[in-house]
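Take a look at the letters that make up each chain.
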Amino acid sequence: MTMTSERSIAPDEPALEPRKSRKNNPEKTRENILQEAIVEFVQQGLSGARVDAIAERIHTSKRMIYYYFGSKEQLYVEVLEKLYGDIRSTESRLHLAELAPQEAIRRLVEFTFDHHDRNVDFVRIVSIENIHKAEYVKQSGVIKAMNNTILHALGEILERGVQDGVFRSGLDPLDVHLLISSFCFYRVSNRHTFGEIFQIDLPDEAIKQRHRDMICESVLRYLQA
């Protein structure tokens, strides 16, 4: 009933377009939907987001979106999986295991800082999911599994650092991950309030570089033997 009604609202939409897209390049279609869904969820939050609006952006129908994702909530879960997957996938290409422990930590901190600074949508979506008390992260085993990779990588770096005598023993990879992420995340998630209250322009390149150096130095000093 819903599909019939929706099709009548958009009579000019080519009837064969959904089938053609699925046949020709379903992965590209899914990616296009996910990209526009990110924009909608960032702007409207989960509660305010409309599948109709996402469909309008990519000139398709709600039926097409539901064909791939089933529901708005499942689409939101897959947006979360994509955004977390992007950062974890890029981390895996940093070749941290090939670097000396201190250099590996520095590269990881710099990458995390730059990623959060350049990917405001990631920060906003994570903030939205925190409002929902991780309700949808709980539904995704994929997110939990992929995020364990950074703890494994950090654990190996810390162990190599202990063996080389440059890091102290007894360090918890999760604590180190939290230390890195908290600063990099906060300066993006709270840039407007923090910037207004303290009259500081956090996106300013000189300030940004100062903070980038500061978090690197802070983490390395915390780890040092």
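This structure is a prediction, so every number in the text was calculated from the model and none was measured.

Quick look at the overall build of the protein chain
Here is step 1: Along the protein chain, the regular secondary structure elements total 12 helices and zero strands.
Here is step 2: By the burial criterion, 42% of the 225 residues in the protein chain qualify as buried.
Here is step 3: Pairs at least 24 residues apart make up 70% of the contacts formed inside the protein chain by residues separated by at least 6 positions.
Here is step 4: Summed over all atoms, the accessible surface of the protein chain reaches about 12,700 Å², with 52% contributed by carbon and sulfur.

Examining the UniProt feature "DNA-binding region" (unreviewed entry) in the protein chain
Here is step 1: UniProt records the feature "DNA-binding region" (unreviewed entry) at residues 50-69, using the numbering of this structure.
Here is step 2: Secondary structure over residues 50-69 splits into 75% helix and 0% strand, and the C-alpha atoms at its two ends are 14 Å apart.

With respect to the nonpolar core
Here is step 1: The biggest cluster of nonpolar side chains holds 33 residues, and the ones touching the most others in it are Phe 41, Ile 65, Leu 75, Val 79 and Ile 125.
Here is step 2: Within the residue set of this core, elements represented by two or more residues are α3 (26-48), α4 (51-57), α5 (62-69), α6 (72-91), α8 (120-131), α9 (141-164) and α10 (173-189).
Here is step 3: Both of domain 1 (24-69) and domain 2 (72-221) provide at least three residues apiece to this core.
Here is step 4: When sequence neighbours within four positions are dropped, the list of residues in contact with Ile 65 reads Ile 33, Val 51, Ile 54, Ala 55, Gly 70 and Leu 75.
Here is step 5: One finds Ile 87, Ala 104, Phe 113 and Leu 220 within the second-largest nonpolar core, a separate group that totals 24 residues.

Overview of empty space enclosed by the protein
Here is step 1: Enumeration over the complete set of coordinates arrives at one cavity of 30 Å³ or more.
Here is step 2: If you add up the space inside the largest cavity, you get close to 40 Å³.
Here is step 3: If you go around the largest cavity, the residues you meet are Arg 88, Glu 91, Leu 108, Thr 112, Ile 150, His 177, Ile 180 and Ser 181.
Here is step 4: Mapped by element, the contributors of at least two residues to the lining of the largest cavity are α6, α7 (101-118) and α10.
Here is step 5: Here the lining of the largest cavity takes three residues from α10, the largest share from any one element.
Here is step 6: Considered class by class, the residues forming the lining of the largest cavity number three nonpolar, three polar and two charged.

Re the packing of α3 against α6
Here is step 1: In contact at an axis separation of 9 Å, α3 and α6 are set at 105 degrees when each is read in the N-to-C sense. Between α3 and α6, the angle is such that the two are roughly perpendicular. Contacts from Arg 30, Glu 31, Ile 33, Leu 34, Gln 35, Ala 37, Ile 38, Phe 41, Leu 46 and Ser 47 of α3 reach α6 at Lys 72, Leu 75, Tyr 76, Glu 78, Val 79, Lys 82 and Leu 83.
Here is step 2: Across the contact of α3 with α6, the residue classes tally to 10 nonpolar, two polar and five charged.

Regarding the layout of surface pockets
Here is step 1: Here the largest pocket defines a volume of roughly 600 Å³.
Here is step 2: In terms of lining, the largest pocket is formed by 23 residues, of which the most central are Tyr 84, Arg 88, Val 126, Asn 147 and His 177.
Here is step 3: For the lining of the largest pocket, the secondary-structure elements that each account for two or more residues are α6, α7, α8, α9 and α10.
Here is step 4: Classifying every residue of the lining of the largest pocket by side-chain character gives 12 nonpolar, eight polar and three charged.

What counts, and where the lines are drawn
- Residues numbered from 1 in each chain as written.
- Predicted model: local features only at pLDDT ≥ 70, side-chain atom pairs only at ≥ 80, totals over all residues.
- Heavy atoms only, no water.
- Helix = DSSP H or I, 4+ residues; strand = E, 2+ residues; numbered from the N terminus.
- Buried < 20%, exposed > 50% of the residue type's maximum accessible area, 1.4 Å probe, protein only.
- Contact = heavy atoms within 4.5 Å.
- Areas by Shrake-Rupley, 256 points an atom, 1.4 Å probe, with all protein chains shown as cover.
- UniProt positions renumbered as here; feature names shortened; annotations may be inferred.
- Core = buried A, V, L, I, M, F, W, Y, C linked by side-chain atoms within 4.5 Å.
- Domains from an automatic or database assignment.
- 1 Å grid on protein atoms, 1.4 Å probe; cavity = no way out; pocket = protein on both sides within 12 Å on 5 of 7 lines; lining within 4 Å.
- Points joined across faces, edges and corners; volume = space filled by probe spheres on them.
- Nonpolar A, V, L, I, M, F, W, Y, C, P; charged D, E, K, R; others polar.
- Axes fitted to C-alpha atoms, helices over the stretch in contact; angles between N-to-C directions.
- Parallel < 35°, antiparallel > 145°, perpendicular 65-115°, else oblique.

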